[in-house]
Amino acid sequence: MTSSHHLPRLTLVLGGARSGKSRYAEELITGAAPPWVYLATAEALDDEMRERIAQHRHRRNAQWLTTDAPRDLAGAIAKADGEGRPILIDCLTLWLSNTLLAGADVEKACEDLAVVLEKARGPVVAVSNEVGFGLVPETPLGRRFRDAQGRLNQQVAAIADRVVLVAAGLPLTLK
Amino acid sequence: MTSSHHLPRLTLVLGGARSGKSRYAEELITGAAPPWVYLATAEALDDEMRERIAQHRHRRNAQWLTTDAPRDLAGAIAKADGEGRPILIDCLTLWLSNTLLAGADVEKACEDLAVVLEKARGPVVAVSNEVGFGLVPETPLGRRFRDAQGRLNQQVAAIADRVVLVAAGLPLTLK
Amino acid sequence: MTSSHHLPRLTLVLGGARSGKSRYAEELITGAAPPWVYLATAEALDDEMRERIAQHRHRRNAQWLTTDAPRDLAGAIAKADGEGRPILIDCLTLWLSNTLLAGADVEKACEDLAVVLEKARGPVVAVSNEVGFGLVPETPLGRRFRDAQGRLNQQVAAIADRVVLVAAGLPLTLK
């Protein structure tokens, strides 16, 4: 879909749940020369998650190098980028959720991640959820997560070369 | 607003709650020659729903042929399209909710619907909710619904000639 | 960012939670000649709100005239506009929430607000949340609020000269 030399250093693909954002991001990164590194941030804690992870893996073939990075995403990006591999991060939302639930310093973790993303030679395509278009969440944890996600999306969007918002499988260019 | 020959075969109008998507879709379909078929998918199960249905009907005059199609939407589309009528479907979200709550095979129902939409001569304008831009729903049913809605929107968007996202009564063109 | 003569009479800045909409709106209004009137609609009822208000104030300097207008927003707009001041309203969502929770006539309050906004010489920049892109809220109050917010956004968008939707700090032009 996209030829290699049109893929910028850092692309942020925002979208809602089941918006087709992962598929769109995969199409972008496969415009670069394989093999592509898939940084998987999901932790298969229950059957529902296992099923979702399986569905995503199903679409990827042997040209993908899959690395699980549920917590040390910054380290995994630095390593793969150092090896000159195109990187797909799927997704920042699960990584943020893992980080928050582990009781880590979320602000520092996001800052560290942004530093690595800013230094990366790329191409890097990062998938993230837009979660702020609903009512105020009922729980303090829900509100903390929504705030952290919004701030992280702004942070990554500010250093990205290209930002798209995916709805119903279709991209809207934000930057 | 739109003259008949500019209205494509299949248009998907996505939007949030109270976004003005129904009104926008009505303006589109009334660009075709009347009478227009209004496929109403709402079931008036309580006073709140009855009030909403009444408000929507209030805007429509005698040039509309209203058919209730809370479950067999595919059949109602095929019939009205066979008679050469322009069709407004309002909305896919309520139909999907009815289908899910009735315990039907949602995947098959969506597939059947997509087949009929793809075959229709049109013009058809389908209204649907974008529901994925919030936090993960608390309940399994909520998550199932959100997933099904996202997939259905992608499915219809893929075969639509035109897709718009409505916010505050204003359309953003996605396709 | 924006020079004074490019700022229209009335701008509506829509966005999700933590979308960067307040910051974007501040950048717009500061394109006009200072001092700028900041109409703050938040009520500091708890520590979480106090913290958010403090963060927002932190970005503003002595060129801002801050007025609290949690309820009589229409009156505060008319007064500041009468004095020829550029106005930033942050935000319609908190004002609507205050109005609803106070048991006031929400429809009439929105109508009164729209009349004042329509008459204002401007420039006025109004910030508001887009809250309709999730599942149907569990509670009747949640549904009433979401409906009222959607209608208010449509109402203000209809009379605005410019409407933007902010996501991840980046604006999409709706009008």
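What you see is a predicted model; the values in this text were computed from it and never measured. Note that residues are indexed from 1 along each chain, following the sequence as it is written. For this description, chains carry letters from A and ligands carry numbers from 1, given in the order in which they are written. It should be noted that, the model being predicted, local features are given only for residues of pLDDT at least 70 and side-chain atom pairs only at 80 or more, the latter also being counted only at that level, while totals for whole chains, interfaces and linings use all residues. Remark: hydrogens and water are excluded; side-chain values derive from all non-hydrogen atoms of the structure.

Quick look at the relation of the copies chain A and chain C
So, step 1. Here the copies are superposed with least squares, the fitted atoms being C-alpha atoms of residues at a pLDDT of at least 70 in both. Each copy of the sequence occupies a distinct position, and chain A is placed on chain C by a rotation of 120° and an axial shift of 0.0 Å, giving an RMSD of 0.0 Å. On this basis, the relationship between the two copies can be described by a three-fold rotation axis.

Thoughts on the interface of chain B and chain C
So, step 1. Taken together, the contact between chain B and chain C spans 25 residues of the former and 20 residues of the latter.
So, step 2. For any pair of parts, buried area is found by adding up, for both, the accessible area (1.4 Å probe) each one loses once the two are put together. Approximately 1700 Å² of surface area, both sides summed, lies buried where chain B meets chain C, with 64% of it carried by carbon and sulfur atoms.
So, step 3. Area buried by chain B at its contact with chain C is led by Arg18, Ala168 and Leu170 of chain B, which between them contribute 33% of it.
So, step 4. The salt bridge criterion pairs a side-chain nitrogen of Lys or Arg with a carboxyl oxygen of Asp or Glu, the two atoms within 4 Å. Counting the contacts that link chain B with chain C gives 1 salt bridge.
So, step 5. A 3.5 Å cut-off defines polar contacts: any pair of N or O atoms within that distance qualifies, except that in protein one atom must be a possible hydrogen donor and the other a possible acceptor, and neighbouring residues in sequence count only when both atoms are side-chain atoms. Here chain B is connected to chain C by 3 residue pairs in polar contact (both at pLDDT 80 or more). In this analysis, two residues are considered to be in contact whenever any of their non-hydrogen atoms come within 4.5 Å of each other.

Considering the interface of chain A and chain C
So, step 1. Between chain A and chain C, the contact holds 20 residues from the first and 25 residues from the second.
So, step 2. Of the roughly 1700 Å² buried where chain A meets chain C, counting both sides, 64% is carbon and sulfur surface.
So, step 3. Taken together, the links from chain A to chain C amount to 1 salt bridge.
So, step 4. A salt bridge links Arg18 of chain C to Asp147 of chain A, with the shortest nitrogen-to-oxygen separation between them at 3.5 Å.
So, step 5. Linking chain A with chain C are 4 residue pairs in polar contact (both at pLDDT 80 or more).
So, step 6. Broken down by secondary-structure element, the contributors of at least two residues to the side of chain A that touches chain C are α6 (140-159), β6 (162-167) and β7 (170-173) of chain A. Runs of E in the DSSP output that reach at least two residues are strands. Runs of H or I that reach at least four are helices, and both are numbered from the N terminus.

Overview of the layout of surface pockets
So, step 1. Method remark: on a 1 Å grid restricted to protein atoms, a set of points is classed as a cavity if a 1.4 Å probe fits but cannot get out and as a pocket if it is open with protein on both sides within 12 Å along at least five of seven lines; lining residues have an atom within 4 Å of a point. Grid points are joined across faces, edges and corners, and a volume is the space filled by probe spheres set on the points. By volume, the second largest pocket is sized at about 530 Å³.
So, step 2. Taken together, 19 residues form the lining of the second largest pocket, with Glu107, Arg144, Asp147, Ala148 and Arg151 of chain A sitting closest to its centre.
So, step 3. Of all elements in the fold, only α5 (106-119) and α6 of chain A together with α2 (47-58) of chain C reach the threshold of two or more residues within the lining of the second largest pocket.
So, step 4. At 9 residues, the largest contribution of residues to the lining of the second largest pocket is made by α6 of chain A.

With respect to the side chain of Lys21 of chain A
So, step 1. Relative to the helices and strands, Lys21 of chain A resides in helix α1 (residues 21-29).
So, step 2. Separated by 3.1 Å, the side chain of Lys21 of chain A and the backbone oxygen of Gly16 of chain A make a polar contact.

Section: the nonpolar core
So, step 1. Put simply, buried Ala, Val, Leu, Ile, Met, Phe, Trp, Tyr and Cys residues joined by side-chain atoms within 4.5 Å make one nonpolar core. When a residue's accessible area, from a 1.4 Å probe over protein chains only, is under 20% of the maximum for its type it is buried; when over 50% it is exposed; and in between it is partly exposed. Of all hydrophobic cores here, the largest spans 126 residues; its most connected members are Ile89 of chain A, Ile89 of chain B together with Ile89 of chain C.
So, step 2. Beyond its immediate sequence surroundings of up to four residues, Ile89 of chain B is in contact with Leu39, Leu73, Ile77, Leu117, Val124, Val125, Ala126 and Val127 of chain B.

As for the pairing of strand β5 (residues 124-129) of chain B
All names here are of chain B.
So, step 1. For β5, the tally of buried residues reaches 6 of 6 residues, placing the bulk of the element in the interior.
So, step 2. Residues Val124, Ala126 and Ser128 point to one face of β5 and Val125, Val127 and Asn129 to the other, with burial holding for every one of them.
So, step 3. Strand pairing follows a simple DSSP-based rule, namely that at least 2 bridges must link the two strands. Of the pairings in the sheet, the one linking strand β1 (residues 10-15) to β5 comprises 6 bridges and is parallel in character. Paired with Leu14 across the strands is Ser128, a residue of β5.
So, step 4. Here strand β4 (residues 87-90) pairs with β5 via 4 bridges, running parallel. Each residue of the ladder has a partner; that of Asp90, found in β5, is Val127.

Structural notes on the UniProt feature "active site" (unreviewed entry) in chain A
All names here are of chain A.
So, step 1. UniProt positions are given in the numbering used here, feature names are shortened, and annotations may be inferred rather than shown by experiment. Under the local residue numbering, the UniProt record ascribes the feature "active site" (unreviewed entry) to His56.
So, step 2. Structurally, the position occupied by His56 is in helix α2 (residues 47-58).
So, step 3. The exposure class of His56 is partly exposed, given its relative accessible area of 24%.
So, step 4. Those residues in contact with His56 that sit more than four places away from it in its chain are Ser22, Glu26, Tyr38 and Asp90.

Re the sheet that holds strand β3 (residues 64-68) of chain B
All names here are of chain B.
So, step 1. As summarised here, the arrangement of the 7 strands in space is β3-β2-β4-β5-β1-β6-β7, forming an open sheet in which the pairing is mixed. Only two strands of the sheet have a single neighbouring strand rather than two, namely β3 and β7 (170-173). The mean inter-strand angle of the sheet, taken between neighbouring strand axes irrespective of direction, is 25°.
So, step 2. Strand direction decides the pairing type here: strand β6 (residues 162-167) and β7, joined by 4 bridges, are antiparallel. Residue Val166 lies in a different strand from β7, and its bridge partner there is Pro171. Geometry is summarised by axes, namely lines fitted to C-alpha atoms with helices restricted to the contacting stretch, and by angles between N-to-C directions that run from 0 to 180 degrees.

Re the sheet that holds β7 of chain A
All names here are of chain A.
So, step 1. Spatially, 7 strands are ordered β3-β2-β4-β5-β1-β6-β7 in an open sheet, and the strand pairing comes out mixed. Each edge of the sheet is formed by a strand with only one pairing partner; in this case those strands are β3 (64-68) and β7. Within this sheet the neighbouring strands show an average axis-to-axis angle of 25°, counted without direction.
So, step 2. Strand contacts of helix α3 (residues 73-82): β2 (36-40) and β4 (87-90), with the helix running at about 165° to β4, the strand carrying the most contacts.

Digging into the packing of aromatic side chains
So, step 1. Only Phe, Tyr and Trp rings are paired, with Trp represented by its six-membered ring, and only when their centres lie within 6.5 Å; those with planes under 30 degrees apart are stacked, over 60 edge-to-face, the remainder tilted. Under the criterion given, the structure shown has 9 aromatic pairs over all chains.
So, step 2. Aromatic side chains Phe133 of chain A and Phe133 of chain C sit 5.5 Å apart centroid to centroid with 75° between the ring planes, which places their arrangement in the edge-to-face category. One end of the pair, Phe133 of chain A, is in the loop between β5 (124-129) and α6; the other, Phe133 of chain C, is in the loop between β5 (124-129) and α6 (140-159), on a second chain. Here Phe133 of chain A matches Phe133 of chain C in class, with each residue buried.
So, step 3. Centre to centre, the rings of Trp36 of chain B and Trp64 of chain B are 5.1 Å apart; their planes meet at 55°, and the pair counts as tilted. Of the two residues, Trp36 of chain B is situated in strand β2 (residues 36-40) and Trp64 of chain B in strand β3; the sequence distance between them amounts to 28 residues.

Looking at the state of the cysteines
Simply put, the disulfide is a covalent bond whose two ends are the sulfur atoms of two cysteines.
Residues and elements named next belong to chain A.
So, step 1. The disulfide criterion is simple: two cysteine sulfur atoms within 2.5 Å. Taken as a whole and judged by the stated rule, the model has 0 disulfides over all chains.
So, step 2. We note that Cys91 lacks a disulfide partner, and the nearest cysteine sulfur, in Cys110, lies 13 Å from it.
So, step 3. Accessibility expressed as a relative area gives 6% for Cys91, which makes it buried.

Here's the deal with the packing of helix α4 (residues 92-101) of chain A against α5 of chain A
Residue and element names in this part refer to chain A.
So, step 1. Viewed as axis vectors pointing N to C, α4 and α5 meet at an angle of 145°, and their least axial separation amounts to 10 Å. As α4 packs across α5, the resulting crossing turns out to be right-handed. Residues Leu92, Trp95, Leu96, Thr99 and Leu100 of α4 pack against Val106, Ala109, Cys110 and Leu113 of α5. We call a crossing left-handed when the near helix sits turned anticlockwise from the far one by less than a right angle, and right-handed when that turn is clockwise.

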